Amino acid sequence: MSEWETVIGLEVHVELATNTKLFSHAPNRFGDEPNTNVTPVCLGLPGSLPVLNRRAVELAMTIGIALGCEIQPSVFHRKNYFYPDMPKDYQVSQYDQPICINGSLDLPNGTRIGIERAHLEEDAGKTTHLGGEDGRIHGASEALVDYNRAGVPLLEVVSRPDIRSAEDARAYVEELRAILVATGASEARLEEGSMRVDANVSVRPVGSEELRTRCEIKNLNSLRSLQRAIKYEADRHIAMYEGEEAPRQETRHWSEEGKTHTLRSKEEANDYRYFPEPDLVLLDPDSDWIQRISAGMPELPADQRARLLSVAEINMETAATVVNRGLSPLVFAAIAAGADPERAITHAVQNLAIDGASGLDANHFAELIQMEQSGALTATQTKQVLTEMVDSGVDPSSIAETHGFEAMDSDELEILVDRAISENPEAWTKFCDGEDKVQGVIVGAVMKATKGQADGKAINSILQQRRG
Ligand code: MN
């Protein structure tokens, strides 16, 4: 038995965050009433003509430049296939002259993954099957089609087969997602389908450079599915080779019971009868335009992580969490407004996993951290105020005032602690004898007396002082 190495290439479809579709003025919006965001262009009605969306081109170039790609003159092609969610019976895509080529993406662990190309194309509509199991076509009695998504701009980012583990595949998707969030080019939500990942998986003996037969796995709508599916598929190939069999090139579907199964044999490019789209001209961005996009590039995730590591005593994982949630601009702005870097980062990691937290006012956030550090708010109160700030946009002092969160005077706290000691003489004796865990009895009594508003840390330090 030989040692095997997994070879992975990823194709990621990214919905671009434009207001309108790639070739029509229909809104590009998720979640609207079905078939309301549709024009004759989206349906390919006779006589309708596509007009290319400038913003989609800019976002495609933004992503390409962020990935170190060359931006080249590109051509739109018709990719012909029949499917009910594709009303024109062809998809306008880019074929042998994509807009972005030859880039790379560096994983946080230092591994560099080549990017072969990134091309612009339109999305298909969405078909929903009713009556079958799990929304599958098999056993379904009805198929409903929604064309709101037909014509939504996509950038398909194709990596080279440079990825060698399921963990690195996950890291690649996370890093690409962080780049999309940082540049604002896409909402990049796997669970909503605005970022969709297909994995090409094969295996080969360690030390070999050959590329063996690959299978493409679809329906990977979470990072967890991506990792599980790659591991499953690699094991399947290894088992076949070791049993003197060979996998066939095919497209496979990942199902959550933990298996991949055949969807169809893999199409070849010539199955699609590609030909240049006659209604669109060459897309040839001039160097001024490319230069403007480059100049407007925001700070990318790798640089954001490096800057976080330079301002606070944190590890790489913490920095990555802040960046991947899109919270580093907030954290940097709060630090600039006087917040303690470590506190700001801790809150971003522990208490700001919530959607929409990036819209939090940085000055309010800094103010809250100062209130916490001055002792005006306890840790629990700070957390509660922060949650309400995210929901309401109101400043922290007003929220604290509404709840009657007031700084407890330290004299007052000492009196309450002394009272709790005298009311719990047994616990106090044990505590003085070194039984630290009975401390909770006295802390609890003080908390009860203050309806939870006292600062636990402050109580502990008074108790330590009293014990001497
Ligand atoms: Mn595609």
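Residues numbered from 1 in each chain as written. Predicted model: local features only at pLDDT ≥ 70, side-chain atom pairs only at ≥ 80, totals over all residues. Heavy atoms only, no water.

S.K.: Sorry, what's going on with the coordination of the manganese ion here?
M.R.: For a metal with four tetrahedral donors the ideal donor-metal-donor angle is 109.5 degrees, whereas six octahedral donors ideally subtend 90 or 180 degrees. Here the manganese ion is held by the protein donor atoms His13 (NE2), Glu121 (OE) and Glu156 (OE), which lie 2.0 to 2.2 Å from it. Within one chain, the residues serving as donors to the manganese ion are arranged as H-x107-E-x34-E. Residue His13 is found in strand E1 (residues 4-15), and its partner Glu156 is found in strand E9 (residues 153-159); the two are separated by 143 residues along the sequence. Judged by relative accessible area, Glu156 falls into the buried class, the value being 8%. (Donors = N, O, S within 2.8 Å, 3.2 Å for Na, K, Ca; no water. Helix = DSSP H or I, 4+ residues; strand = E, 2+ residues; numbered from the N terminus. Buried < 20%, exposed > 50% of the residue type's maximum accessible area, 1.4 Å probe, protein only.)

S.K.: Could you clarify how one ought to interpret empty space enclosed by the protein in this entry?
M.R.: To find the voids left in a structure, one rolls a probe of water-molecule size over its atoms. Scanning all chains against the criterion turns up one cavity of 30 Å³ or more. As a volume, the largest cavity reaches approximately 40 Å³. Every residue lining the largest cavity is listed: Lys21, Leu22, Phe23, Ser24, Val41, Cys42, Lys88, Glu122 and Gly151. (1 Å grid on protein atoms, 1.4 Å probe; cavity = no way out; pocket = protein on both sides within 12 Å on 5 of 7 lines; lining within 4 Å. Points joined across faces, edges and corners; volume = space filled by probe spheres on them.)

S.K.: Is there a simple way to explain the nonpolar core in this structure?
M.R.: Inside soluble globular proteins, nonpolar side chains tend to come together where they are buried. Within the largest apolar cluster, 65 residues are counted, with the highest numbers of intra-cluster contacts made by Leu10, Ile99, Leu120 and Tyr172. It is helix H3 (residues 166-183) that contributes the most residues to this core, eight residues altogether. Excluding residues within four positions of it along the chain, Leu10 makes contact with Val157, Val158, Ser159, Ile163, Ala169, Tyr172, Val173, Val197, Asp198, Ala199 and Leu226. Counting residues in each nonpolar core, the second largest holds 32 residues, with Ala178, Ala312, Val323 and Ala339 among its members. (Core = buried A, V, L, I, M, F, W, Y, C linked by side-chain atoms within 4.5 Å. Contact = heavy atoms within 4.5 Å.)

S.K.: What exactly am I supposed to notice about the sheet that holds strand E3 (residues 76-80) here?
M.R.: Pairing between sheet strands relies on hydrogen bonds along the backbone, with the strands arranged either parallel or antiparallel. As summarised here, the arrangement of the three strands in space is E4-E3-E14, forming an open sheet in which the pairing is antiparallel. Looking at which strands have only one partner, the edges of the open sheet turn out to be strand E4 (90-94) and strand E14 (275-276). (Pairing = 2+ DSSP bridges.)

S.K.: How should I be thinking about the pairing of E9 in this particular structure?
M.R.: On a regular strand, one side chain projects to one face of the sheet and the next to the other, so that they alternate. Burial runs high along E9: seven of the seven residues are buried. The alternating pattern of E9 places Pro153, Leu155, Val157 and Ser159 and Leu154, Glu156 and Val158 on opposite faces, both of which are buried. Pairing analysis gives five bridges linking E1 to E9, with the strands arranged antiparallel. Looking at E9, one finds that Val14 is bridged to Leu155. Looking at chain direction, strand E6 (residues 112-122) and E9 are connected through seven bridges and run antiparallel. The partner of Glu121 across the bridge, within E9, is Leu154.

S.K.: Would you take a moment to explain the pattern of salt bridges for this structure?
M.R.: Where side chains of opposite charge bring their charged atoms close, a pairing between them can arise. Taken as a whole, this structure holds 30 salt bridges when the rule is applied. The salt bridge partner of Asp123 is Arg196, with a shortest N-O separation of 2.8 Å. Here the residue Asp123 occupies a position in the loop between E6 and strand E7 (126-130), and Arg196 occupies one in strand E10 (residues 195-205), the gap between them amounting to 73 residues. Among the charged side chains, a network of salt bridges with common partners joins Glu233, Arg236, Arg248, Glu250 and Arg252. (Salt bridge = Lys/Arg side-chain N within 4 Å of Asp/Glu carboxyl O.)

S.K.: What should I look at first to understand the packing of helix H2 (residues 54-66) against helix H5 (residues 287-295) in this one?
M.R.: A pair of packed helices can be characterised by two numbers: the angle between their axes and the separation between those axes. Relative orientation of the contacting elements H2 and H5 amounts to 65°, with a least axis distance of 10 Å. For the pair H2 and H5, the sense of crossing is right-handed. Residue-level contacts link Arg54, Val57, Glu58, Met61, Thr62 and Ile65 of H2 to Trp289, Ile290, Ile293 and Ser294 of H5. When its residues are assigned to classes, the contact of H2 with H5 shows six nonpolar, two polar and two charged. (Axes fitted to C-alpha atoms, helices over the stretch in contact; angles between N-to-C directions. Left-handed = near helix turned anticlockwise from the far one by under 90°. Nonpolar A, V, L, I, M, F, W, Y, C, P; charged D, E, K, R; others polar.)

S.K.: Whenever I open this one, the sheet that holds strand E11 (residues 215-220) confuses me. Can you help?
M.R.: Strand order in this open sheet of nine strands is E2-E5-E6-E9-E1-E10-E11-E12-E13, and the pairing throughout is mixed. Both outer strands of the open sheet, strand E2 (70-71) and strand E13 (259-265), are each paired with one neighbouring strand and no more. Pairing analysis gives six bridges linking strand E12 (residues 250-255) to E13, with the strands arranged antiparallel. When the bridges of E13 are listed, Trp254 appears paired with Thr260. Seen against the sheet, H3 touches E1, strand E5 (100-106), E6, E9 and E10 and runs at an angle of roughly 20° to E1.

S.K.: For this particular structure, what's the right way to read the domain arrangement of the protein chain?
M.R.: How big an interface is tends to be stated in terms of the accessible area lost upon association of its parts. Taken domain by domain, the protein chain comprises domain 1 (4-293), domain 2 (301-403) and domain 3 (410-467). Domain 1 and domain 2 are separated by 35 Å when their C-alpha centres are compared. With nine residues of domain 1 in contact, the opposing surface of domain 2 contributes eight residues. Ranking the residues of domain 1 by area buried against domain 2 places Pro108, Glu175 and Ala178 at the top, with a combined share of 48%. Across the pair Glu175 and Arg305 runs a salt bridge whose closest N-O atoms are separated by 2.8 Å. At the surface where domain 1 touches domain 2, the tally comes to two residue pairs in polar contact (both at pLDDT 80 or more). Taken together, the residues of the side of domain 1 that touches domain 2 break down into five nonpolar, no polar and four charged. (Domains from an automatic or database assignment. Buried area = accessible area lost by both parts, 1.4 Å probe. Polar contact = N/O pair within 3.5 Å; in protein donor to acceptor, adjacent residues only side chain to side chain.)

S.K.: Looking at this structure, I do not really get unusual backbone geometry. What am I missing?
M.R.: One can expect most non-glycine residues to show negative phi and most peptide bonds to be in trans. The phi dihedral of Asp89 is positive, around 70°, even though this residue is not glycine. As for its placement among the helices and strands, Asp89 is situated in the loop between E3 and E4. According to the relative accessible area criterion, Asp89 is partly exposed, its value standing at 33%. In this structure, Asn102 is a non-glycine residue whose phi angle is positive, near 55°. Take Asn102: it is sitting in strand E5.

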